[in-house]
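If you want the building blocks of each chain, they are given just below.
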Amino acid sequence: MNDTTMSDSTAAAVAAAAALAKAADQPAVKVHADKVDVYYGDKHALKAVTLDIPERSVTAFIGPSGCGKSTFLRCINRMNDTIDGCRVTGEILIDGGDIYDPRLDVVELRARVGMVFQKPNPFPKSIFENVAYGPRIHGLSRSKSELAEIVEASLKRASLWEEVKDRLQESGTGLSGGQQQRLCIARAIAVSPEVILMDEPCSALDPIATARIEELIDELKANFTIIIVTHSMQQAARVSQKTAFFHLGVVVETGPTEQIFTTPQDKRTQDYITGRFG
Ligand code: ADP
């Protein structure tokens, strides 16, 4: 049978199969934001942000400073709840579930959505305790040996194990900046989050430590959905598959990273990536 003789029902089935195949190529949406507005008192910091974050890949938020990237990142694990006078409206879904549902347990949400900050911030405790803390408070291990296994596995996944396996009882704050940041990533991973938010995670690091974190991000995307705020366009280009360009509280443009950097559709994006402002 060829196209000219195909019955309507066959044609419909073929079209449906093609749509399914196309959908199969597309990663599933992990985080869906719809018309999100954020106010700090009277200040309207984020305006009608609508954005999809694909699962198991890296999405970069770029844009000049003060344009709302961190504010939006903090909406995704409800960190803005802790800021006095901050108000969030609109909808954010993770796997289709509303994270602003009043019945939702925010502590559980923050275990599902981990965060790594600009400045490495290990607890003033041992390397072991830094990683064991989360699994312990969330009751993820039944025994000491199971906890030790989680710590080892997390340090391995954060590619820090080889450097610290003989000094697990030493303080986490005694590590180098790059090691501290990998420790913070191990700490985030230890509670098996689904999403990891990274707010300029390399801005306090030297180029070698930065390269190690970027390699790590690339590995982690096989298992986690990663969202990274970065002021470095080179970094966004190196590590991310999708990019969202923020400007003055608005998401101007989103798309595959390569397309955003080679053929941006909006003049503001074009001006930013060519260094005309920001
Ligand atoms: P970016 O991450 O792009 O640099 P931010 O999200 O930090 O931007 O900031 C967006 C806007 O919101 C800025 O004007 C900033 O001054 C304001 N803002 C951020 N955090 C607070 C806060 N805790 N209280 C009041 N205003 C804030």
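Values in this document were obtained by computation on a predicted structure and should not be read as measured data.

Engineer: Help me understand the overall build of the protein in this model?
Structural biologist: Within the protein one finds 11 helices and 10 strands. In terms of overall dimensions, the protein has a C-alpha envelope of 75 × 50 × 40 Å along the principal axes. Counting over 278 residues, the protein shows a buried share of 38%.

Engineer: For this particular structure, what's the right way to read the sheet that holds strand 2 (residues 43-54)?
Structural biologist: One key point about sheets: their strands pair by backbone hydrogen bonds, in either a parallel or an antiparallel sense. One open sheet holds the 4 strands; their spatial order is 2-1-4-5, and the pairing between them is antiparallel. Single-partner strands in this sheet number two, and they are strand 2 and strand 5 (97-98).

Engineer: Hey, could you run me through the packing of helix 4 (residues 127-137) against helix 7 (residues 177-189) in this one?
Structural biologist: When two helices pack together, you describe them by how their axes are tilted relative to each other and by the distance separating the axes. Orientation of helix 4 relative to helix 7, taken along the N-to-C sense of each, is 30°, at an axis distance of 7 Å. Relative to helix 7, helix 4 is oriented roughly parallel. Relative to helix 7, helix 4 is oriented so that their crossing is right-handed. Note on element contacts: helix 7 touches helix 4 through Leu183, Ala186 and Arg187, opposite Ile127, Asn130, Val131 and Gly134.

Engineer: Help me out: how do you make sense of the confidence of the model for the protein in this one?
Structural biologist: In regions of low pLDDT, the predicted coordinates are not meant to be interpreted in detail. With 91% of its residues at a pLDDT of 70 or more, the protein shows a mean pLDDT of 93. A low-confidence stretch, residues 1-5 (pLDDT under 50), is modelled with 1 contact involving residues beyond four sequence positions or located in other chains.

Engineer: How should unusual backbone geometry be read in this particular structure?
Structural biologist: Phi is mostly negative for residues that are not glycine, and the peptide bonds are mostly trans. Even without a glycine there, the phi angle at Ala48 is positive, about 45°. With respect to the helices and strands, Ala48 occurs in strand 2. Classification of Ala48 by C-beta neighbours within 10 Å gives partly exposed; the count is 14. Its identity is not glycine, yet Ser159 carries a phi of approximately 45°, on the positive side.

Rules used throughout
Within each chain, residue numbers correspond to sequence positions counted from 1 in written order. At least 70 in pLDDT is required for a residue's local features to be given in this predicted model, at least 80 for side-chain atom pairs to be given and counted, and no such filter applies to totals for whole chains, interfaces and linings, which use all residues. Secondary structure follows DSSP: runs of H or I at least 4 residues long count as helices, runs of E at least 2 residues long count as strands, and numbering of each begins at the N terminus. Burial is judged by counting the other C-beta atoms within 10 Å of a residue's own C-beta: 20 or more makes it buried, 12 or fewer makes it exposed, and any count in between marks it as partly exposed, with every C-beta position built from the backbone. When DSSP finds two or more bridges between a pair of strands, those strands are recorded as paired. Axes here refer to lines fitted to C-alpha atoms; in helices the fit is confined to the stretch in contact. Angles between the N-to-C directions go from 0 to 180 degrees. Put simply, angles under 35 degrees are roughly parallel, angles over 145 are roughly antiparallel, angles from 65 to 115 are roughly perpendicular, and the rest are oblique. The crossing is said to be left-handed when, going from far helix to near helix, the turn is anticlockwise and less than a right angle, and right-handed when the turn is clockwise. We call two residues in contact when their backbone-placed C-beta atoms lie within 7 Å. pLDDT measures how confident the predictor is about each residue, on a scale from 0 to 100.

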